[in-house]
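Residues per chain are reported as follows:
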Amino acid sequence: MKLGIVGLPNVGKSTLFNSLTKAGAESANYPFCTINPNVGVVAVPDERLDVLTRMYDSASRVPAVIEFVDIAGLVKGASKGEGLGNQFLSHIREVDAIVHVVRCFEDGNIIHVEGSVDPARDIETIDLELIFADLEVIEKRMAKGIKGAANNKTLAKEVELLKKLKDLLESGKSARSYEPVDEEEAAMLDSMTLLTSKPVIYAANVSEDDLADDGANNPHVAAVRKIAAEEGSGVFVVCAQIEQELADLDEEEKKEYLSELGVEKSGLDKLITASYDLLGLMSFLTAGPKESRAWTIRKGTKAPQAAGKIHSDFERGFIRAEIVSYDNLVACGSFNAAKEKGLVRSEGKDYVIQDGDVVLFRFNV
């Protein structure tokens, strides 16, 4: 999973990126300190994997990972080359979802490029830049497609879709709000990699005082939640400054610090939960002496396709999947003990993998 972190300059974007990835992206109180998109890979915390690694005495523990791309602060006019311009918009096309950091704290010592804190205006500024960039792509694609549409049904259908998308974007709406009429149209839309078709998770960046109650009394957070609800986007409350402090602590110290603040989850945990929910993802597990590993798949994935995540041969030569739920496996203490109690199931090609399934694939190539 690849997430692009965007936002106006000085909203706490790079501070959040630094704390999430410890990748050391430069953070400073001026615009455009992120000159190149910084990339960091983060392991997805999963206590189930820790338990399985101990149970099997696995030589290695391999968690699922998320790749974060910190993209330079966008400003009004970015689609036309203002600030650092279009070079950074192209990086967003490569991600699975956008994490839009929105400033929801007041601090006279940190400059806001627009002069005041107003999440609705800030969100609109970024949205419009993405819309303008998408319109440019659509218009170029339409001009090219119209030439050959008369003798090509597929091209004609694509041109019709482009016209509908153009009207939608010009009305100020995102490509995410468009409902494809069939699978062919959905595939066409997907191939366009439009910026506004990416799912969005809003990170409402608050002060430490607003973190314990999850921003319940912060009107800026309320504004972000309203926008997220209207467009079906994800949202979570985070304090980038606290995340920065947490980044230097070990796991026990983190838990203790969060407990003192009256907070249950770190920003990273909240973001991972929001990402998995928004993108419809989950994890299944494999375990053995060599390694215990978490594999990220989309909900609804069938056993052969899940096997293909491990190796294409597993999918090609799929015979069956031997499955036990994580809870049953742990309760029994071993795979064989679970098998003796009839808790290991043999499933075929139509079985839909469930979150927390511990799987042994049988295949023959």
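Note: the structure precedes this text.
Residues numbered from 1 in each chain as written. Predicted model: local features only at pLDDT ≥ 70, side-chain atom pairs only at ≥ 80, totals over all residues. Heavy atoms only, no water.

Asker: In this structure, what is going on with the pattern of salt bridges? I would like to understand it.
Answerer: Opposite charge on two side chains allows them to pair when their charged atoms are near. What the rule picks out here adds up to 27 salt bridges. In this structure, the salt-bridge partner of Glu 94 is Lys 2, at a minimum N-O distance of 3.7 Å. Of this pair, Glu 94 sits in the loop between helix H3 (86-92) and strand E5 (97-103) while Lys 2 sits in strand E1 (residues 2-6), placing them 92 residues apart in sequence. Residues joined in a network through salt bridges with shared partners are Arg 320, Glu 322, Lys 339 and Arg 362. (Salt bridge = Lys/Arg side-chain N within 4 Å of Asp/Glu carboxyl O. Helix = DSSP H or I, 4+ residues; strand = E, 2+ residues; numbered from the N terminus.)

Asker: What am I meant to see in a negative patch on the surface here?
Answerer: A cluster of acidic side chains, namely Asp 250, Glu 252, Glu 253, Glu 256 and Glu 260, defines a negative patch on the protein surface. Among the secondary structure elements, Glu 256 is positioned in helix H9 (residues 251-261). The class of Glu 256 is exposed, set by a relative accessible area of 52%. (Patch = residues over 30% accessible without salt bridge, like charges linked within 9 Å, V, L, I, M, F, W, Y side chains within 5 Å. Areas by Shrake-Rupley, 256 points an atom, 1.4 Å probe, with all protein chains shown as cover. Lys, Arg positive; Asp, Glu negative; His and termini not counted. Charge placed at Lys NZ, Arg CZ, Asp CG, Glu CD. Buried < 20%, exposed > 50% of the residue type's maximum accessible area, 1.4 Å probe, protein only.)

Asker: Got a minute to help me understand the packing of aromatic side chains in this structure?
Answerer: The description of two aromatic rings rests on the distance between their centres and on the angle between their planes. For the coordinates displayed, the defined rule picks out 4 aromatic pairs. Geometrically, the ring pair formed by Phe 318 and Phe 361 is edge-to-face, given 6.4 Å between the ring centres and 65° between the ring planes. With Phe 318 in strand E10 (residues 318-325) and Phe 361 in strand E12 (residues 357-363), this pair connects stretches of sequence that are 43 residues apart. Across this residue pair, the class does not change: Phe 318 and Phe 361 are buried. Put simply, the rings of Phe 284, Trp 295, Phe 318 and Phe 361 pair up and form one aromatic cluster. The ring of Trp 295 carries Arg 293 above its face, with NZ or CZ at 4.1 Å from the centroid. (Phe/Tyr/Trp six-rings, centres within 6.5 Å; stacked < 30°, edge-to-face > 60°. Lys NZ or Arg CZ within 6 Å of the ring centre and 35° of its normal.)

Asker: How do you make sense of the side chain of Ser 283 when you look at a structure like this?
Answerer: Its place among the elements puts Ser 283 in strand E8 (residues 281-286). By relative accessible area, Ser 283 is classed as buried at 5%. Here Ser 283 is in contact with Arg 48, Tyr 276, Trp 295, Thr 296, Gln 354, Asp 355 and Gly 356, once residues within four sequence places are set aside. (Contact = heavy atoms within 4.5 Å.)

Asker: Is there a simple way to think about the packing of helix H4 (residues 119-149) against helix H5 (residues 153-170) in this case?
Answerer: In helix packing, the relevant descriptors are the interaxial angle and the interaxial distance, both defined with respect to the helix axes. Where H4 meets H5, the closest approach of the two axes is 9 Å, and the angle between their N-to-C directions is 155°. Classified by the interaxial angle, the pair formed by H4 and H5 is roughly antiparallel. Seen from above, H4 lies across H5 with left-handed handedness. Two secondary-structure elements touch here, H4 through Ile 131, Asp 134, Leu 135, Ile 138, Glu 139, Arg 141, Met 142, Gly 145, Ile 146, Gly 148 and Ala 149 and H5 through Leu 155, Ala 156, Glu 158, Val 159, Leu 162, Lys 163, Leu 165, Lys 166, Leu 169 and Glu 170. Its residues assigned to classes, the contact of H4 with H5 shows 12 nonpolar, 2 polar and 7 charged. (Axes fitted to C-alpha atoms, helices over the stretch in contact; angles between N-to-C directions. Parallel < 35°, antiparallel > 145°, perpendicular 65-115°, else oblique. Left-handed = near helix turned anticlockwise from the far one by under 90°. Nonpolar A, V, L, I, M, F, W, Y, C, P; charged D, E, K, R; others polar.)

Asker: Honestly, the sheet that holds strand E6 (residues 200-205) in this entry has me stumped. Any pointers?
Answerer: Within a beta sheet, neighbouring strands are joined by backbone hydrogen bonds and run either parallel or antiparallel to one another. Across the sheet, which stays open at both edges, the 6 strands sit in the order E2-E4-E1-E5-E6-E7 with mixed pairing between neighbours. Each edge of the open sheet is held by one strand with a lone partner, namely strand E2 (38-43) and strand E7 (234-238). Neighbour-to-neighbour, the strand axes of this sheet turn through a mean angle of 25°, independent of strand direction. Sheet analysis places E6 next to E7, joined by 5 bridges and oriented parallel. Bridge pairing in E7 places Asn 205 opposite Val 238. Along the sheet, helix H1 (residues 13-21) makes contact with E1, E2, strand E4 (65-70), E5, E6 and E7, crossing E4 at roughly 150°. (Pairing = 2+ DSSP bridges.)

Asker: Looking at this structure, I do not really get helix H10 (residues 267-279). What am I missing?
Answerer: Along an α-helix, residues three or four positions apart point the same way, because every turn accommodates 3.6 residues. Along its 13 residues, H10 runs 18 Å from first to last C-alpha, staying within 8% of the 18 Å computed at 1.5 Å per residue. Along H10, the residues classified as buried are Gly 267, Leu 268, Lys 270, Leu 271, Ile 272, Ala 274, Ser 275, Tyr 276 and Leu 279. Downstream of H10 by one or two residues, Gly 280 has phi in the positive range, about 65°. (Expected span 1.5 Å × (residues − 1).)

Asker: When you look at the pairing of E10 in this model, what are you seeing that I'm missing?
Answerer: Regular strands place side chains that alternate from one sheet face to the opposite one. Direction of pairing for E10 relative to E12: antiparallel, over a ladder of 7 bridges. Counted as the bridge partner of Phe 318 is Phe 363 from E12.

Asker: Looking at this structure, I do not really get the packing of H5 against helix H6 (residues 183-191). What am I missing?
Answerer: Interhelical geometry of H5 versus H6 gives an angle of 70° and a closest axis separation of 10 Å. Judged on the interaxial angle alone, H6 and H5 are roughly perpendicular. Crossing angle aside, the handedness with which H5 passes H6 is right-handed. Packed against H5, whose contacting residues are Thr 154, Lys 157, Glu 158, Leu 161, Lys 164 and Leu 165, the element H6 presents Glu 184, Glu 185, Met 188 and Leu 189 at the interface. Among the residues forming the contact of H5 with H6, the class breakdown is 4 nonpolar, 1 polar and 5 charged.

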